[in-house]
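Residue-level listing of the chains:
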Amino acid sequence: MAEKILDDCDRVLAQAEAGAAPMEQILGGLVAEYTPFAQLWNLVYVDPDVSGLPEASTRAKAIFLRTVKLMERGQRSGLLRGDMPATWLASTFCGLAETAWELTLEGHMGARQAPDFINAILLHGAVA
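Rules behind the numbers
- Residues numbered from 1 in each chain as written.
- Predicted model: local features only at pLDDT ≥ 70, side-chain atom pairs only at ≥ 80, totals over all residues.
- Heavy atoms only, no water.
- Buried < 20%, exposed > 50% of the residue type's maximum accessible area, 1.4 Å probe, protein only.
- Helix = DSSP H or I, 4+ residues; strand = E, 2+ residues; numbered from the N terminus.
- Arc of directions from axis to C-beta.
- Axes fitted to C-alpha atoms, helices over the stretch in contact; angles between N-to-C directions.
- Parallel < 35°, antiparallel > 145°, perpendicular 65-115°, else oblique.
- Left-handed = near helix turned anticlockwise from the far one by under 90°.
- Contact = heavy atoms within 4.5 Å.
- Nonpolar A, V, L, I, M, F, W, Y, C, P; charged D, E, K, R; others polar.
- Salt bridge = Lys/Arg side-chain N within 4 Å of Asp/Glu carboxyl O.

## Brief notes about helix α6 (residues 114–124)
Of all the residues in α6, the buried ones are A114, P115, I118 and L122. What you see down the axis of α6 is that its buried residues fit within an arc of 95 degrees, all on one side. Exposed and oriented more than 90 degrees from the buried face of α6 are D116 and H124. Immediately beyond the C-terminal end of α6, within one or two residues, lies G125, with a positive phi of roughly 75 degrees.

Structural data, given as structure tokens:
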């Protein structure tokens, strides 16, 4: 299961990294495909050694670093705040993805709502 989640994250990141579209569209694609990141964050948070598989743990760390690089790209484009560390933004994205995934599984939000909620909070915060 860990391998599938890691492969899915790799696929989504590869699409985002290769994108020449405006950063808002690239970030929108990443958010639309949030589920693997939610599952990975949950897996790594619950078991930092990714179930005793050091190679999976190494891959998970590399995926997170690629996510940080994507957030840095968003900062350079002016879409994401430049006054926050990119690591914070990547962690926030992953945490929002995990929360949306769990709330969807528990029936507190619809699967189609989740990307919009993630995007709204990531880009605009929780202010009214």
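More follows now that the structure is in view.
## Quick look at the packing of helix α2 (residues 23–32) against α6
At a closest axis distance of 9 Å, the pairing of α2 and α6 adopts a crossing angle of 130 degrees. On the basis of the axis angle, α2 is oblique to α6. For the crossing formed where α2 meets α6, the hand is right-handed. Contacts between α2 and α6 involve L27, V31 and A32 on the former and, on the latter, P115, I118, N119, L122 and L123. Here the contact of α2 with α6 is composed, by residue class, of seven nonpolar, one polar and no charged.

## Details of the side chain of E98
Tracing the chain through its elements places E98 in helix α5 (residues 86–105). Apart from the residues lying within four places of it in its own chain, the contact partners of E98 are A38, W41 and N42.

## A closer look at the pattern of salt bridges
Scanning all chains against the criterion turns up eight salt bridges. R66 is paired through a salt bridge with E17; the nearest N and O atoms lie 2.8 Å apart. One end of the pair, R66, is in helix α4 (residues 54–77); the other, E17, is in helix α1 (residues 2–18), and 49 residues separate them in sequence. The class for R66 is partly exposed, based on a relative accessible area of 23%. For E17, a relative accessible area of 37% gives the class partly exposed. Several salt bridges converge on common partners, so that one network encompasses E3, D7, D10, E17, R59 and R66.

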